[in-house]
Amino acid sequence: MLTAKRHALIIDLLKQKHLVTIQELVDLTSASESTIRRDLRELESHQHLIRVHGGATSKHSAFQELTYPEKSIYHVDAKKQIAKFAASLISDHDCIYLDAGTTNYEMISHLADRQITVVTNGLTHLDALNQFNIKSYLLGGAVKHTTRALIGVGALKALERYHFDKVFIGANAIDLNFGYSTPDPEEAAVKRAAIAQGELSFVIADHSKFNERRFAKIVDLNQATLITDAIEQNQHKQFQEKTTIKVVST
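Remember, it's a predicted structure, so these values are computed and weren't measured experimentally.

(A) Looking closely at the overall build of the protein chain. Counting its secondary structure elements, the protein chain contains 10 helices and 15 strands. Principal-axis analysis of the C-alpha atoms places the extent of the protein chain at approximately 60 × 40 × 35 Å. Looking at the protein chain as a whole, 48% of its 250 residues are labelled buried. Partitioning the intrachain contacts of the protein chain with sequence separation of at least 6 by distance along the chain shows that 58% fall at a separation of at least 24.

(B) Region of interest: the sheet that holds strand E1 (residues 19-21). Spatial ordering of the open sheet is given by E1-E3-E2, a layout of 3 strands whose pairing is antiparallel. In this open sheet, the two edge strands, each paired with only one partner strand, are E1 and strand E2 (49-52). Recorded for the sheet is a direction-independent mean angle of 25° between the axes of neighbouring strands. As paired strands, E1 and strand E3 (residues 55-58) are joined by 3 bridges and run antiparallel to one another. The partner of Leu19 across the bridge, within E3, is Thr57. Docked against the sheet, helix H2 (residues 22-29) engages E1 and E3, running at close to 75° with respect to E1.

(C) Quick peek at H2. For H2, the complete set of buried residues consists of Ile22, Leu25, Val26 and Thr29. Down the axis of H2, the buried set is contained in an arc of 105°. They therefore lie on one face. Here the buried face of H2 lies against helix H1 (3-17), E1, helix H3 (33-45) and E3. Looking one or two residues beyond H2, the residue adopting positive phi is Ser30, at roughly 65°.

(D) The arrangement of the environment of Leu40 in detail. Inspection of the secondary structure puts Leu40 in helix H3. Put simply, Leu40 and Val52 are 12 residues apart on the chain and 9.7 Å apart in space, counted from C-alpha to C-alpha. Ignoring sequence-local partners within four residues, the contact set of Leu40 consists of Ile10, Ile22, Leu25, Leu49, Arg51, Gly55 and Ala56.

(E) Local environment of the sheet that holds strand E13 (residues 216-219). Read across the open sheet, the 3 strands follow the order E10-E11-E13; overall the sheet is antiparallel. Lying at the two open borders of the sheet, with one neighbouring strand each, are strand E10 (173-175) and E13. The sheet shows a mean angle of 40° between the axes of neighbouring strands, taken without regard to direction. Of the strand pairs in this sheet, strand E11 (residues 179-182) and E13 are connected by 3 bridges, and their pairing is antiparallel. Looking across to E13, one finds that Ser181 is bridged to Lys217. Strands E11 and E13 of the sheet are contacted by helix H9 (residues 185-196), whose axis makes an angle of about 5° with E13.

(F) Highlighting unusual backbone geometry. A positive phi angle, close to 75°, is found at His93, a residue other than glycine. Position of His93 among the secondary structure elements: in the loop between helix H5 (76-88) and strand E4 (95-98). Phi angles above zero are rare outside glycine, and Asp113 is one such case at about 60°. As for its position among the elements, Asp113 is in the loop between helix H6 (102-107) and strand E5 (117-120). You can call Asp113 exposed: its relative accessible area is 52%.

Calculation notes
- Residues numbered from 1 in each chain as written.
- Predicted model: local features only at pLDDT ≥ 70, side-chain atom pairs only at ≥ 80, totals over all residues.
- Heavy atoms only, no water.
- Helix = DSSP H or I, 4+ residues; strand = E, 2+ residues; numbered from the N terminus.
- Buried < 20%, exposed > 50% of the residue type's maximum accessible area, 1.4 Å probe, protein only.
- Contact = heavy atoms within 4.5 Å.
- Pairing = 2+ DSSP bridges.
- Axes fitted to C-alpha atoms, helices over the stretch in contact; angles between N-to-C directions.
- Arc of directions from axis to C-beta.

The structure is reproduced here in structure tokens:
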């Protein structure tokens, strides 16, 4: 099959499903796995899709957002690397906030049996926090089923009752001028309120979030330290001029 036809089939399938696996594309095109991986790299370079662990997803608008299970397959190694470093910043007896992001979830295993207190709006986090014997509090609020987060007035009111030593927030997009953003204004409001209640705030996000904007701004870059796994050298200096940025190396 000609390359152009394979590319057209891949793009058409992504329009239908938004998330496809390499195996699905191998079955669809009868091409080898290495050929499909090469196709995905080329299509990503032309901004037709975003490669993820084991497949690809379509480009999203400022309003669109992946579900929690879909996000969990993105850049798995990078998330684990960032999470391990972020967890190392937490001291005994800290009171911390972990929002409902997938990278935040990866932090939990590194906090096992620590003398800390965690407040979260992440429903997915609860079993892991319990498993690792971590003292925890869950915010109230409305359930956002796609991201498994608690949002809305209830969550905002609950946050007013807490003060955090450290706050860890996820972001869907990072832009030099627009700052940190996410598709949902209600979720952005909860993230912003948590940052306001913290002594130190961190945004933990992998390299795929750079040079992106979503509908709802969370905060400016200088309102949180950014922890990521990689950034282009020419951008690093630009971001350093606006915020503290920590690039986690392997």
